[in-house]
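Chains, contacts and geometry: an overview
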Amino acid sequence: MQFGIFSVSDITRDPVSGETPSEAERIDAIVQIAEKAEEVGLDVFAIGEHHNPPFFSSAPTTLLSHIAAKTEKLIVSTATTLITTNDPVRIAEEYAMLQHLSKGRMDLMLGRGNTAPVYPWFGADIRQSLPLALENYNLLHRLWREDVVDWEGKFRTPLQGFTSTPRPLDDLPPFVWHGSIRTPEIAEQAAFYGDGFFANNIFWPKEHYMRLIKFYRQRYAHYGHGTEKQAIVGLGGQAYIAKRSQDALKEFRPYFNEAPVYGHGPRMEDFMEQTPLSVGSPQEVIDKTLTFREHFGDYQRQMFLMDHAGLPLKMVLNQLDLLGEEVVPVLRKEMEARQDPETAKPPTHAGRVKDKYGDGPVRRPKPNANRGDNVTGGSPYQDSQ
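Here the structure is a predicted model, which is why all the values come from computation and not from measurement.

**Some thoughts on the packing of aromatic side chains**
Note on aromatic pairs: each is described by the distance of the centres and the angle between the planes. Applying the stated criterion across every chain, the model contains 9 aromatic pairs. When the centroid spacing of 4.9 Å and the interplanar angle of 85° are considered together, the rings of Y137 and Y193 count as edge-to-face. Residue Y137 is located in helix α5 (residues 129–143), and its partner Y193 is located in helix α6 (residues 184–193); the two are separated by 56 residues in the primary sequence. The pair Y137 / Y193 is uniform in exposure class, with both members buried. On the numbers, 6.3 Å between centres and 90° between planes, the contact of W177 with F198 is edge-to-face. Of the two residues, W177 sits in strand β8 (residues 176–180) while F198 sits in strand β9 (residues 196–199), which places them 21 residues apart along the sequence. Assessed through its relative accessible area of 1%, W177 is described here as buried. Here F198 falls in the buried class, since its relative accessible area comes to 4%. Put simply, the rings of Y137, F192, Y193 and Y223 touch in pairs and so form one group of aromatic residues. Note that R363 overlies the ring of Y381, its terminal NZ or CZ placed 5.9 Å from the centroid.

**Re the pairing of strand β2 (residues 44–47)**
With burial as the criterion, each face of β2 is covered, one bearing V44 and A46 and the other bearing F45 and I47. Note that the unit made of strand β1 (residues 2–7), helix α1 (residues 23–39) and β2 has a crossover that is right-handed. For β2 and strand β3 (residues 75–78), the ladder comprises 4 bridges, and the chain directions are parallel. Bridge assignment links I47 to a residue of β3, and that residue is T78. With respect to chirality, the unit in which β2 leads through helix α2 (residues 60–70) into the neighbouring parallel β3 is right-handed.

**Quick look at the pattern of salt bridges**
Evaluated as defined, the whole model comprises 28 salt bridges. A salt bridge links D171 to K356, with the shortest nitrogen-to-oxygen separation between them at 3.6 Å. Highlighted residues: D171 in the loop between β7 (159–162) and β8 and K356 in helix α12 (residues 349–357), separated in sequence by 185 residues. You can call K356 partly exposed: its relative accessible area is 41%. Put simply, K229 and D340 hold a salt bridge, and the shortest N to O gap is 2.9 Å. A residue pair is termed long-range when its members are at least 10 positions apart, and K229 in the loop between α7 (206–222) and β10 (233–235) and D340 in the loop between α11 (313–338) and α12 qualify at 111 residues. When salt bridges that share partners are traced, they join D147, R167, D171, K356, R363 and D383 into one network.

**Observations concerning the nonpolar core**
Of all hydrophobic cores here, the largest spans 99 residues; its most connected members are I5, L42, F45, Y216, F252 and L323. When residues no more than four places from it in sequence are discounted, the contact partners of F45 are I5, I30, A34, L64, I67, L74, I75, V76 and S77. Within the second largest apolar cluster, 5 residues are counted, among which are L82, Y119, A124 and L132.

**Quick word on the sheet that holds strand β4 (residues 81–82)**
Strand order in this open sheet of 9 strands is β3-β2-β1-β13-β10-β9-β8-β5-β4, and the pairing throughout is parallel. Edge positions in the sheet fall to β3 and β4, since each has one partner strand and no second.

**Re the side chain of D307**
The topology assignment puts D307 in the loop between β13 (301–305) and α11. Its relative accessible area of 5% is what places D307 among the buried residues. One polar contact links D307 to S7, side chain to side chain, over a distance of 2.8 Å. At 3.1 Å, the side chain of D307 forms a polar contact with the side chain of R26. Those residues within four positions of D307 in sequence are excluded, and the remaining contacts are F6, S7, D10, R26, I30, I33 and V316.

**Quick word on the packing of α1 against α11**
One can describe the packing of α1 onto α11 by two numbers: an axis separation of 10 Å at closest approach and a directional angle of 15°. As far as their axial angle goes, α11 and α1 are roughly parallel. The interaxial crossing formed by α1 with α11 has right-handed handedness. Contacts between α1 and α11 pair A29, Q32, I33, K36 and A37 from the former with L313, V316, L317, L320 and D321 from the latter. Across the contact of α1 with α11, the residue classes tally to 7 nonpolar, 1 polar and 2 charged.

**Quick look at helix α3 (residues 88–101)**
With 14 residues, α3 should cover 20 Å at 1.5 Å per step; its first-to-last C-alpha distance of 20 Å lies within 8% of that length. Along α3, the positions that sit buried rather than exposed are P88, V89, I91, A92, E93, Y95, A96, L98 and Q99. Two or three places before V89, at the start of α3, stands the capping residue D87, its side-chain oxygen 3.0 Å from that residue's backbone nitrogen. Just downstream of α3, K103 is the residue with a positive phi angle, here 60°.

Conventions we followed
Residues numbered from 1 in each chain as written. Predicted model: local features only at pLDDT ≥ 70, side-chain atom pairs only at ≥ 80, totals over all residues. Heavy atoms only, no water. Phe/Tyr/Trp six-rings, centres within 6.5 Å; stacked < 30°, edge-to-face > 60°. Helix = DSSP H or I, 4+ residues; strand = E, 2+ residues; numbered from the N terminus. Buried < 20%, exposed > 50% of the residue type's maximum accessible area, 1.4 Å probe, protein only. Lys NZ or Arg CZ within 6 Å of the ring centre and 35° of its normal. Right-handed = clockwise from strand over helix to strand, strands pointing away. Pairing = 2+ DSSP bridges. Salt bridge = Lys/Arg side-chain N within 4 Å of Asp/Glu carboxyl O. Core = buried A, V, L, I, M, F, W, Y, C linked by side-chain atoms within 4.5 Å. Contact = heavy atoms within 4.5 Å. Polar contact = N/O pair within 3.5 Å; in protein donor to acceptor, adjacent residues only side chain to side chain. Axes fitted to C-alpha atoms, helices over the stretch in contact; angles between N-to-C directions. Parallel < 35°, antiparallel > 145°, perpendicular 65-115°, else oblique. Left-handed = near helix turned anticlockwise from the far one by under 90°. Nonpolar A, V, L, I, M, F, W, Y, C, P; charged D, E, K, R; others polar. Expected span 1.5 Å × (residues − 1).

Rendered as structure tokens:
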């Protein structure tokens, strides 16, 4: 099982010190946080995508390429890549390049985001959000699997004889998670393509996600990708950890109370009872996280939100020490002991290459010669059919 952290890239005032970090400080901090994640033994780091203050992650592939270059084992991913407002051609090219630069240590999560104004900023209509998500991924899926694509849809100009470059590393498209907090059509989409489904169960009661994940598993099996138990599921979560639970509650309370998303709302204790938020000792975080399996079945990836609500860098790095040294090792052992043997392994590039090629040769496309007009003609690669 894979464990990691994700960030929404918020820049939030620290309610204790009263200080708001600059964009430069938060960007520097997120790189340190990702490096720390690898240092303490986590598997994955993911960043969101936003195009407005008070967030900084408007260019996820640039940031993730930098982090991949500074780490050795860490899988870099996204907490959302906006499939609705990004051109699928650019997604295909940018994430294939990230796949090459990271030597396969990457995947991505597609989603529609939660910032309504982003749609007109990028020339899209929010009323077409779901059709955009479905059509754009249909094109992206083809761009990574076909050397030459002819395509026509509703939301972008047609493509004729188009080749997305670079081709995916080892001719294996990046693994895709489809993220959703409420939409069964997205769970259906993930199941149809045999992709992963990520339920970012941060704010809503478990019963909602139990229905959504069960639906995804059923449809995954319906489309012939495997059994319900073999479906690929990821879960979100958030935690604040201290050696003693009373210290965790005391330290995190001012951040909870002033958080832009849930501050000035329910009591922290009530929110903890109704959602996956864990605030307490390492054992309390372990115990609550283990209940996820009871509710949702065996799953492949557990991600934690640790750097939000204005928490200062020093505090976040301390949280990662506790998560990596005292919580995740126990979770790995307990999850492995309880896991059904039919459960699919977490997706990795090496594992997927093995599944595709076995011991045979791996495709590494070589382009045909430039004709003199900067194109290669209708057959772009030497081994194209």
